[in-house]
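Structural characterization, general
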Amino acid sequence: MAKLKTWVSIPKNSDFSIYNLPFGIFSLKGDRPRAGIAIGEQIVDLSVLANLGLLEVNASYFKNSALNDFISLGKKITNKVRLDVQRLLTIENSPLKIHSAAFIFQKDVKMHLPIHVGDYTDFYSSIEHATNVGKMFRDPENALLPNWRHIPIGYHGRASSIVISGTNIHRPMGQVKTNDMKVPVFKASGNLDFELEMGFIVGKGTNLGERISTKNAAEHIFGLVLFNDWSARDIQKWEYVPLGPFLGKSFASSMSPWIVTLEALAPFKVQGPLQKPEVLSYLQYEGENNYDIKLEVSMSSQSSGDTVISTSNFKFMYWNMMQQLAHHTVNGCNVNVGDVMASGTISGKDESSFGSLLEISWGGKKPFKLKDGSERTFIEDNDTVTMRGFAEKEGKRVGFGEVSGTILPSK
Ligand code: MN
């Protein structure tokens, strides 16, 4: 990475450095949503730049309430927009220096879902998470099911309930049956949980019948976000046999507002874990396809500040995004621009890196404390869960900001 210097003032340790330049959708009060790029504490208004003739894309693409049409222009164009903005923010004689209307402070805007989500798939690709869940729900000796090392396991989730960071979520109601009950009851979930995940946004669609290879998969990935797949464990436990997750998951998933492009993350590629046994040929891949992204989960109650309860890393994933996309399309299933594919809970080996409360409290058996001294096993009403993530190398930081959500009482 060549060293870049911007004339915009950026706080130290900002996620939104000159190396990042993620895309998002924002609005000022009383104004319509439009597209921007984050830089430090500000946003570059892309429609203003396009109107000034500084970008090779018509301003109308940036005046939409979602990035889908812009992303559909293809990487050649979207990458050029990002690099053009980077150049405009670094050159000494930049025309932007006299156009203050091109800059808006993030604190003054409302962020929106950056894309219209067509379809949403959730994978289950962390071997540590799958092993922990298997130990608790099934057999401690044979925690992983026989298919796990052969297939990137996933399920089709619900796109309609994906919400932007900052959206409050009401505790879901549902059917629950514990082992000591003869019949199920209808109640508010008592085991409400989060799942620390990352999601990627499909940037190039396919036609029905087409397959994406692991080699070409990167062309189809626009960028990544932080993703909290809220989970009602008690509802999930009763309903998931035999077809998998349903209402225990579909009440809400939260997404961070800024899409960090795959290109911005390229310097942080690392080798993934060794896959044994060898996977089928359509799942084999070359090179580094994992990403070293540091992740953190914190929780706060109404009376406590943030308590960090987990520190994990996206690089732990057993199955990488290229394999997930190759697998998703191997049967000819088509994907569309704006589809979201989430990683599955990202846990590491260490207890401090577990990506869900199910694991942190080991099924509710091991309470932990928040800063105000109160104990938790699962999420209580008015608790807030916040996830943060960033990659950093040679002092260059590319981060995601945060995805946060507060749980309100049931409706
Ligand atoms: Mn999940």
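In this numbering scheme, every chain counts its residues from 1 along its sequence in written order. Predicted model: local features are reported for residues with pLDDT of at least 70 only, side-chain atom pairs are reported and counted for 80 or more only, and whole-chain, interface and lining totals are derived from all residues. Excluded from the side-chain calculations are hydrogens and water; all other atoms, namely the structure's heavy atoms, are used.

Details of the coordination of the manganese ion
Our working rule: Note on donors: an N, O or S atom is included if it sits within 2.8 Å of the metal, or within 3.2 Å for Na, K and Ca, and water is never included, so sites can look incomplete. Strands are runs of DSSP state E lasting at least two residues, helices are runs of H or I lasting at least four, and both sets are numbered from the N terminus onward.
Around the manganese ion, the protein contributes the donor atoms D122 (OD), E195 (OE), E197 (OE) and D229 (OD), which lie 2.1 Å from the metal centre. In the primary sequence, the donor residues of the manganese ion line up as D-x72-E-x1-E-x31-D. With D122 in strand β6 (residues 120–123) and E195 in the loop between β12 (192–193) and β13 (196–202), this pair connects stretches of sequence that are 73 residues apart.

Quick look at helix α8 (residues 321–328)
Three- or four-residue spacings in an α-helix give side chains the same orientation, since the helix completes a turn every 3.6 residues. Note the following rule: Note on exposure labels: buried denotes an accessible area under 20% of the residue type's maximum, exposed denotes more than 50%, and partly exposed covers the range between, all computed with a 1.4 Å probe on protein chains only. N or O atoms closer than or at 3.5 Å make up a polar contact, with two conditions inside protein: a donor-capable atom paired with an acceptor-capable one, and, for residues adjacent in sequence, both atoms drawn from side chains.
With eight of eight residues buried, α8 is to be regarded as a mostly interior element. Every buried residue belonging to α8 is among M321, M322, Q323, Q324, L325, A326, H327 and H328, and all of these are buried. Its side-chain oxygen placed 3.0 Å from the backbone nitrogen of M322, N320 serves as the N-cap of α8.

Observations concerning helix α4 (residues 127–137)
Heads up, the rule is: Any two residues having at least one pair of non-hydrogen atoms within 4.5 Å are treated as being in contact.
Within α4, eight of the eleven residues are buried, which leaves the element mostly enclosed by the surrounding structure. Residues of α4 that are buried include every one of I127, E128, H129, A130, N132, V133, G134 and M136, and no others. Buried residues along α4 sit against α9 (357–360).

What to know about the sheet that holds strand β20 (residues 294–300)
Definition in use: When DSSP finds two or more bridges between a pair of strands, those strands are recorded as paired.
The strand order across the open sheet formed by five strands is β9-β26-β25-β20-β21, and the pairing between neighbours is mixed. Only two strands of the sheet have a single neighbouring strand rather than two, namely β9 (169–170) and β21 (307–313). Examined bridge by bridge, β9 and strand β26 (residues 396–408) share two bridges and lie parallel to one another. Directly across from I169, in β26, lies its bridge partner I407.

What to know about the environment of Q275
Considering the arrangement of structural elements, one finds Q275 in the loop between β18 (269–270) and β19 (290–291). Separated by 177 residues in the primary sequence, Q275 and I98 have C-alpha atoms spaced 54 Å apart. For Q275, the residues in contact, after removing those within four places along its chain, are Y285, Y318, W319 and Q323. At 2.7 Å, the side chain of Q275 and the backbone oxygen of Y318 are in polar contact.

Focus on the sheet that holds strand β3 (residues 42–45)
So the rule is basically this: To obtain each axis, a line is fitted to C-alpha atoms, and for helices this fit is confined to the stretch in contact; angles are then taken between N-to-C directions over 0 to 180 degrees.
Here five strands make up an open sheet; going across it, the order is β4-β3-β2-β1-β5 and the pairing antiparallel. What marks the edges here is a single partner per strand, and that holds for β4 (103–105) and β5 (110–112). Ignoring strand direction, the axes of neighbouring strands in this sheet form an average angle of 50°.

Regarding the side chain of S253
Along the polypeptide, S253 turns up in strand β16 (residues 253–255). In terms of polar contacts, S253 uses its side chain to reach the side chain of D229, at 3.5 Å. Each residue touching S253, except ones within four places of it in the same chain, is listed here: Y120, S161, I162, V163, F227, N228, D229 and W230.

Points about the domain arrangement of the protein
To keep things clear, this is the line we draw: Residue ranges assigned to the domains are those given by an automatic or database domain assignment. Summed over both partners, the accessible area lost on bringing two parts together, with a 1.4 Å probe, is the buried area. Within this document, salt bridges are pairs made up of a side-chain nitrogen of Lys or Arg and a carboxyl oxygen of Asp or Glu, the two lying within 4 Å of each other.
Assigned domains of the protein: these are domain 1 (23–112) and domain 2 (120–408). Interface area for domain 1 against domain 2, summed over the two sides, is near 1300 Å², with a carbon-plus-sulfur share of 66%. Ranking the residues of domain 1 by area buried against domain 2 places F23, I71 and K75 at the top, with a combined share of 44%. Our count for the domain 1 to domain 2 interface comes out at one salt bridge. For E263, the salt bridge goes to K75, with nearest N and O atoms at 2.8 Å. Across the contact surface, domain 1 and domain 2 share five residue pairs in polar contact (both at pLDDT 80 or more). Of all the secondary structure elements, the ones that give two or more residues to the side of domain 1 that touches domain 2 are β1 (23–27), β2 (34–39), α2 (68–72), α3 (75–88) and β5. Per-element accounting of the side of domain 1 that touches domain 2 gives the leading share, four residues, to α3.

Remarks on unusual backbone geometry
Residue P242 is reached from V241 by a cis peptide bond, and omega for that bond is 0°. Within the element layout of this structure, P242 appears in the loop between α5 (233–239) and α6 (247–250). Unusually for a residue other than glycine, N13 sits at a positive phi of about 65°. One can find N13 in the segment before β1. A relative accessible area of 48% means that N13 is categorised as partly exposed.

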